[in-house]
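# Examining the three-dimensional arrangement
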Amino acid sequence: MAEVVVVDDAEAAGSLVARHIAARLEQQPALVLGVATGSTPLPVYAALADLANQGLDLSSVTALALDEYVGLPQAHPQSYRSVVTREVVEPLGLDPAKVHVPDGDPAQIETAGERFEQRIVDSGGVDVQILGIGTGGHIAFNEPGSSFGSLTRVKTLTEQTRRDNARFFDSVDDVPIHSVTQGLGTILRARHLILLAFGESKAAALAASVEGPVTASMPGSAIQLHHHVTVVVDHAAASELRERDYYAWAQLNKPAWQGI
Ligand code: F6R
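Because the structure is predicted, anything quoted here is derived from the model rather than measured.

Before going further, it helps to examine the sheet that holds strand β5 (residues 99-100). Pairing is parallel in the open sheet, where seven strands are placed in the order β1-β10-β9-β6-β2-β3-β5. Every interior strand has two partners, whereas the edge strands, β1 (3-7) and β5, have only one. Helix α1 (residues 10-27) rests against β1, β2 (32-35), β6 (128-131), β9 (192-197) and β10 (229-234) of the sheet, and its axis sits at about 165° to β9. Sheet strands touched by helix α4 (residues 112-123): β2, β3 (62-65) and β5. Its angle to β3, the strand with the most contacts, is close to 155°.

The next point concerns the site of the ligand. Taken together, 15 residues lie around the ligand, and T37, T40, D67, H138 and K202 are the ones closest in. For the ligand, an oxygen atom lies 2.7 Å from a polar atom in the backbone of A140. Between an oxygen atom of the ligand and a side-chain N or O atom of R167, the distance comes to 2.8 Å. For the ligand, whose unbound accessible area comes to 410 Å², protein coverage reaches 93%. Looking at side-chain class alone, the shell around the ligand contains five nonpolar, seven polar and three charged residues.

Turning our eyes to something else, we now look at the pairing of β1. Within β1, four of the five residues are buried, which leaves the element mostly enclosed by the surrounding structure. In terms of strand pairing, β1 meets β10 through five bridges, oriented parallel. Within the sheet, the bridge partner assigned to V5 lies in β10 and is V232.

What counts and how
Residues numbered from 1 in each chain as written. Predicted model: local features only at pLDDT ≥ 70, side-chain atom pairs only at ≥ 80, totals over all residues. Heavy atoms only, no water. Pairing = 2+ DSSP bridges. Helix = DSSP H or I, 4+ residues; strand = E, 2+ residues; numbered from the N terminus. Contact = heavy atoms within 4.5 Å. Axes fitted to C-alpha atoms, helices over the stretch in contact; angles between N-to-C directions. Near = heavy atom within 4 Å. Polar contact = N/O pair within 3.5 Å; in protein donor to acceptor, adjacent residues only side chain to side chain. Areas by Shrake-Rupley, 256 points an atom, 1.4 Å probe, with all protein chains shown as cover. Nonpolar A, V, L, I, M, F, W, Y, C, P; charged D, E, K, R; others polar. Buried < 20%, exposed > 50% of the residue type's maximum accessible area, 1.4 Å probe, protein only.

See below:
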């Protein structure tokens with residue numbers, strides 16, 4: 001069972017996760033951090049940027065993105081390469097040479113998955129993976145039906161995902177149809193998964209992922225197969241969890257040495 005931490009708001013979640021990462025960095029300055037894009041992880045990056053401004057050195061960190069749109073030029077403001085540069089690399093002071101995003105260039109897309117898997121292996125594997133969840137239950141762009149053994153590959157986005165992400169584009173028609181995304185099998189190899197979710201729109205997918213049956217129809221449920229998962233959510237995203245009271249009780253009685 002994943003550890004579920006319910007916090008008051010996204011800002012509290014951001015500071016909790018950022019403090020955890022900062023503590024990990026003290027033991028392991030060359031931490032390999034898996035970075036999600038989208039809105040959810042932004043409070044974590046903002047809190048890490050604050051710590052960086054106060055002197056936290058993240059220049060030895062390797063960052064590996066979860067996914068990329070296929071066919072958006074890297075320089076497009078909504079390519080995940082651009083988003084990671086803008087939201088993570090620059091504010092946190094990461095070394096751009098240590099930041100890797102799957103290659104969404106259609107000219108070499110057939111080998112993009114394999115090349116990114118090799119990149120993860122070469123980096124020594126992901127130590128801490130930040131995850132968001134889609135309203136339909138995807139993690140990274142593993143849409144419903146994705147195999148639990150899947151590796152980085154091209155996936156077709158659902159229409160729901162394209163509608164959800166249309167807010168970043170002029171219209172839904174501008175949202176790419178394909179992505180190159182780490183697979184569920186790739187994500188499950190990371191050493192610690194931190195899944196974040198905020199707001200009511202995530203409540204159903206979150207509850208199904210944490211407490212529902214383990215099924216490829218709900219890709220987020222893959223987290224139930226992992227040995228170290230921390231789910232950090234606000235009250236709205238937690239609202240459909242059956243065992244909310246138990247999670248709160250467990251947090252109250254958590255031994256201080258355990259951390260998240
Ligand atoms: C992003 C990603 C996606 C998002 C998910 C939630 O790299 O892989 O799984 O985490 O679509 O998006 P937001 O956070 O924008 O609600």
